[in-house]
There are 2 protein chains.
Amino acid sequence: MTGRSHYASEVTEALIGKTVRVAGWVHRRRDHGGLVFVDIRDRTGLVQVVSEPDKPGFAALEQVRSEFVVSVEGVVRARPAGMVNAQIRSGAVEIVPVAVDILSTAQTPPFNLAEANQVDELLRLKYRYLDLRRSELAQNFLLRNQVLMAVRQFFHREGFWDVETPSLARSTPEGARDFLVPSRLQPGLFYALPQSPQIFKQLLMVAGFDRYYQIAKVFRDEDLRADRQPEFTQIDVEMSFMDQEQILSLMEELLRYVFAETLGVTLPPFPRLSWHEAMHLYGSDKPDLRAGPPLVTLTDTAHQLDWALLAEAPSVVGVVIPQYQPSRKELDQWVEEAKDLGVGGLIWIVYGDTLRSSAAKWLKDEGLKGFAEASGLKPGDTLLVVAGEPSVTYPAAGQLRLAVARKTERLNDGWHFLWVTQFPLFEWSQEENRLVSAHHPFTMPMVEDLPRLETDPLSVRSQAYDVVLNGTELASGSLRIYQPELQARIFEILGLSAEEIEQKFGFLLKAFQYGAPPHGGIAFGLDRLLMLMAGAQSIRDVIAFPKTARGTDPLMEAPSPVDPRQLEDVHLRIVR
Amino acid sequence: MTGRSHYASEVTEALIGKTVRVAGWVHRRRDHGGLVFVDIRDRTGLVQVVSEPDKPGFAALEQVRSEFVVSVEGVVRARPAGMVNAQIRSGAVEIVPVAVDILSTAQTPPFNLAEANQVDELLRLKYRYLDLRRSELAQNFLLRNQVLMAVRQFFHREGFWDVETPSLARSTPEGARDFLVPSRLQPGLFYALPQSPQIFKQLLMVAGFDRYYQIAKVFRDEDLRADRQPEFTQIDVEMSFMDQEQILSLMEELLRYVFAETLGVTLPPFPRLSWHEAMHLYGSDKPDLRAGPPLVTLTDTAHQLDWALLAEAPSVVGVVIPQYQPSRKELDQWVEEAKDLGVGGLIWIVYGDTLRSSAAKWLKDEGLKGFAEASGLKPGDTLLVVAGEPSVTYPAAGQLRLAVARKTERLNDGWHFLWVTQFPLFEWSQEENRLVSAHHPFTMPMVEDLPRLETDPLSVRSQAYDVVLNGTELASGSLRIYQPELQARIFEILGLSAEEIEQKFGFLLKAFQYGAPPHGGIAFGLDRLLMLMAGAQSIRDVIAFPKTARGTDPLMEAPSPVDPRQLEDVHLRIVR
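Residues numbered from 1 in each chain as written. Chains lettered and ligands numbered in written order. Predicted model: local features only at pLDDT ≥ 70, side-chain atom pairs only at ≥ 80, totals over all residues. Heavy atoms only, no water.

Observations concerning the sheet that holds strand β15 (residues 355-357) of chain A
Working definition: the strands of a sheet are paired by backbone hydrogen bonds and lie parallel or antiparallel to each other.
Residues and elements named next belong to chain A.
Right, on to step 1. Spatial ordering of the open sheet is given by β12-β13-β16-β14-β15, a layout of five strands whose pairing is antiparallel. Every interior strand has two partners, whereas the edge strands, β12 (296-297) and β15, have only one.
Right, on to step 2. Contacting β13 (315-321), β14 (347-351) and β16 (382-388), helix α10 (residues 328-340) crosses the sheet at an angle of about 150° to β14. (Pairing = 2+ DSSP bridges. Helix = DSSP H or I, 4+ residues; strand = E, 2+ residues; numbered from the N terminus. Contact = heavy atoms within 4.5 Å. Axes fitted to C-alpha atoms, helices over the stretch in contact; angles between N-to-C directions.)

Spelled out as structure tokens, the structure:
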């Protein structure tokens, strides 16, 4: 007996009196009052089967244990009053079997699926196929599937072509470390797994494909941090003949479509902040809008004080905590935290019955009032103040704002998207003692900043943009330079030699000489997006077969030793 | 001026009098009668822009050359009578510009796009972004995109989950050669790029995902033949609790859906042949149903002759060529071809006014009549006959049937699908001097053949199936063994030691001990399917950035040398 007529969760009151066939795993068996109750589980949920002695299926049901695979044909009936289980969709009915087939037996699983959260993750990864049976985890893959489809429906509707780009690509000396793939046919040469389809998608624009997207696997051989994976998935997009405004509004529409289709959530228009605003209002280029009001710049107010420490500080920045009166212990903790973040210290002002402060002695009444007024402090609020170089105070205040929000449990739910735009085009690399591209060297500068390109490069802003959700960077993109002359100026500023340029970017620059359209794009981190949408704790919970922080797959035992002949084939020897 | 209001092909008579903006490449410029005519090309096709001296855009249009990128805003008007071009969708109208922007200039391309067919493929691959501008090639990627979407729509509708499986997998000693990826974090160990997601998709069935599909990139480090690529794309499918009949009918529905949605073609139900029937009727496990009638087995007829050569032949097989009277020269060619195919010789019988034959002397009148009758020969037909061992005659006759069809140009168009089922479970490997799996060792035998598993393994048929289109194998699949005891019997017959089994398949067998559902699946070669659908000559014409037969990408120059430090990082040294 193969096949099913219904999934477990589809067996509901509408089917009472009908014969159905279900198939799945034994979730639980109970013997009670001479009857045997078996919950059958499939990917949709549970349905209860009940039989009594000498009735069909009873003997088989008496034999089954957890995780056996069974097929049950039977008649649906209403459960007795008082036995209804409102927790599950089939909870008002049960199946009285006509026939039961035991399709597979099962050993006792190495961990209890119901208590998997308390089980070592390594063990769960080793038995991933069991862990994935947990509804909590399996539902993430239903969501992933729905999100993938919604993304594709949107791009299809908007005339984007899904184009597959190579996985066996060329190693590029920039960026993160490449995974290498030795060539057998060409001894001593290597492919690299792509860190992104960046070059290919730009070439597709030169080819006139006009609108490209791809849900692409990309690779980075980095030292793995908690939420990094050596391979991950990117929603990769590129389009021609569109300006930044058109791109932003279309990509915002994509996210709005995906959230509506999969979560039933209607997203409001995304606020936009320039990078400069984001840094001054949130001390971060990925602000978490949930974490309370923006920072307040108190530098001008401080400069009117006769307390030199603040009056002469290059910047003074405040974090307002609305309607919260911290304990002395909390305040002391935040002072410590501020020191850890690199600012000399932290002044607090608590607006209780009066204005109390750790620096009341120096600020005096006017100072306290001045700060309270400048930061819009209301009775019941608290203000934390740091002073120092702006490159330190804003990020530190931004971190404090987040720490306070976490501790006061004010990171309320919701989907707080925003665009951050106008990123700096260049950064100064201490390590290399030269200017480097903040995004990548093909990023288009803002037109109005072009005159300062050579004279004040660090002040030049780019037509680059990020999507931020609840403090996490979800996507990053830019308009690209398509004019060879402008590209040459950028390379000059980056101090690249003609040889380096030719070696690293030769094929792209050459392509641009044959008629390149204005173009730009973006790439979304799909795993991270899904982690947030699913409310998962880790991206490993939204990847079917993830790797550990050491890059291993405990299930398949990869990476593994290989046959010496395989190494000979690719002309390599291991060096220990 | 960015953005467009319409693609080139959308500018039609309905827009006469309206202002439009188009953007794209200069396909052709002509100066005629003082006017300048420029065809603008985008991915949809062409639209003509025309201007006269002193009118807006004239100066710019006078400057443009082929492949410049331009943006044109202008008013649509009807072309003068007699100037209508019925070849293109915008051929009844032209645009009179209000403004023309030259967005990019272009050097003269290294080959003439209009004559690309005569250009060396290596040059075209080096400038792939130019080759892809040709409508002939670009349309393949529109089709590819449509097919991908239709496949996904179908699976989504049918409740399949799109699940991504790892690209950094474990090297498996079976099958083709793996591409290896050295691990940096674990010196001396390697990942392998997957040859298929086979194990992962079976594990997903054990996890209860029930219906899985993925459009997956897979890799094989083989010596590349004409139409092989080191990386290619597979429509990979697996489902639980379904029998072979249900799987076949659902997958047939998939193809019917895709052909209807993308080509507007309604496919009739697919004929089904067992492997045995296919071999006897077409001498091939991938019959081309277009190539004329099936083979005729004439062994019984031959055994009644008193001509020992045929009367004692183990098999005698005929190819009927309906309504065709070959020249003597053609007949001689086919005799030669038969010898090349390993049969001793070929007898022909031509049914003209009378029955003529190369073997009239030995066959005599009765023999000729007997063969004509047994093969249903009609006046005007020709019969080719070969004799010998069945393992030689049927394949040779199958090849002759195809050769004749090609030469007589009888390979008419159309979509001739069929299922081939009941493949042998085992084959005898001369090389290894043992039984090997014909498909893979997890393939489910046919239930009625199970009693012969140990006693006559070569006679055991499997629940494996192929989809064949016009003589090309498009997909291959099977039901899988999910019972550990049966799997153990198969391994025993294959002569695998307990160690080998544990090392090669340990994790899958272990998974099956925790409750495996009955399951089966299939994988379609997407590139090959697209090649046939597009009527392309090569799979390189349906892959955006293909590699040469040496596995190189002439555009990106991959594979390439890498920095010595990169090799140190992965603990390897090149051995020449």
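Describing the UniProt feature "binding site: L-aspartate" (unreviewed entry) in chain A
All names here are of chain A.
Right, on to step 1. UniProt annotation of "binding site: L-aspartate" (unreviewed entry) refers to Glu174, Arg220, His439 and Arg480 when read in the numbering used here.
Right, on to step 2. Position of histidine 439 relative to the elements: it lies in the loop between β19 (434-437) and β20 (464-469).
Right, on to step 3. Residue histidine 439 is classed as partly exposed on the basis of its relative accessible area, which comes to 31%.
Right, on to step 4. Those residues in contact with histidine 439 that sit more than four places away from it in its chain are Ser476, Gly477, Ser478 and Arg480.
Right, on to step 5. By the secondary structure assignment, arginine 480 is in the loop between β21 (472-479) and α13 (484-493).
Right, on to step 6. Judged by relative accessible area, which is 2%, arginine 480 ranks as buried.
Right, on to step 7. Filtering out sequence-adjacent residues up to four positions away, arginine 480 remains in contact with Gln198, Lys201, Gln202, Glu238, His439, His440, Phe442, Met444, His519, Gly520, Gly521 and Ile522. (UniProt positions renumbered as here; feature names shortened; annotations may be inferred. Buried < 20%, exposed > 50% of the residue type's maximum accessible area, 1.4 Å probe, protein only.)

A closer look at the relation of the copies chain B and chain A
Right, on to step 1. Between chain B and chain A, which share one sequence, the superposing operator has a rotation angle of 180° and an axial displacement of 0.0 Å; the RMSD is 0.1 Å. Taken together, the rotation angle and the small translation identify this as a two-fold axis.
Right, on to step 2. A shared interface surface links the copies, since 100% of the contact residues of chain B are contact residues in chain A too. (Least-squares fit on C-alpha atoms with pLDDT ≥ 70 in both.)

Notes on the pairing of strand β4 (residues 69-78) of chain A
Residue and element names in this part refer to chain A.
Right, on to step 1. Sheet topology note: the strand β1 (residues 19-32)/β4 ladder contains seven bridges and is antiparallel. Each bridged residue has a counterpart across the sheet, and for threonine 19 the counterpart in β4 is valine 75.
Right, on to step 2. The sheet contact formed by β4 and strand β5 (residues 93-104) spans 10 bridges and is antiparallel. Note on β5: the bridge partner recorded for arginine 77 is glutamate 94.

A short note on the domain arrangement of chain A
Right, on to step 1. Assigned domains of chain A: these are domain 1 (8-104), domain 2 (135-267 + 523-569) and domain 3 (291-411).
Right, on to step 2. On a C-alpha basis, the centroid separation for the pair domain 1 of chain A and domain 3 of chain A is 62 Å. (Domains from an automatic or database assignment.)

Some remarks on the interface of chain B and chain A
Right, on to step 1. Contacts between chain B and chain A engage 123 residues on the former and 123 residues on the latter.
Right, on to step 2. In this assembly, chain B packs against chain A so that about 11500 Å² is buried in total across both faces, 59% of it on carbon and sulfur atoms.
Right, on to step 3. For the interface between chain B and chain A, the tally reads 12 salt bridges.
Right, on to step 4. Linking aspartate 223 of chain B and arginine 184 of chain A is a salt bridge whose minimum nitrogen-to-oxygen distance equals 3.1 Å.
Right, on to step 5. Between the two partners, chain B and chain A, sit 65 residue pairs in polar contact (both at pLDDT 80 or more).
Right, on to step 6. Ranked by the residues each element gives to the side of chain B that touches chain A, the list is headed by helix α4 (residues 135-157) of chain B, at 10 residues.
Right, on to step 7. Its residues assigned to classes, the side of chain B that touches chain A comprises 67 nonpolar, 27 polar and 29 charged.
Right, on to step 8. In the sheet, strand β23 (residues 572-574) of chain A pairs with strand β23 (residues 572-574) of chain B via three bridges, with the strands oriented antiparallel. For arginine 573 of chain A, the partnering residue across the bridge sits in β23 of chain B and is arginine 573 of chain B. (Buried area = accessible area lost by both parts, 1.4 Å probe. Salt bridge = Lys/Arg side-chain N within 4 Å of Asp/Glu carboxyl O. Polar contact = N/O pair within 3.5 Å; in protein donor to acceptor, adjacent residues only side chain to side chain. Nonpolar A, V, L, I, M, F, W, Y, C, P; charged D, E, K, R; others polar.)

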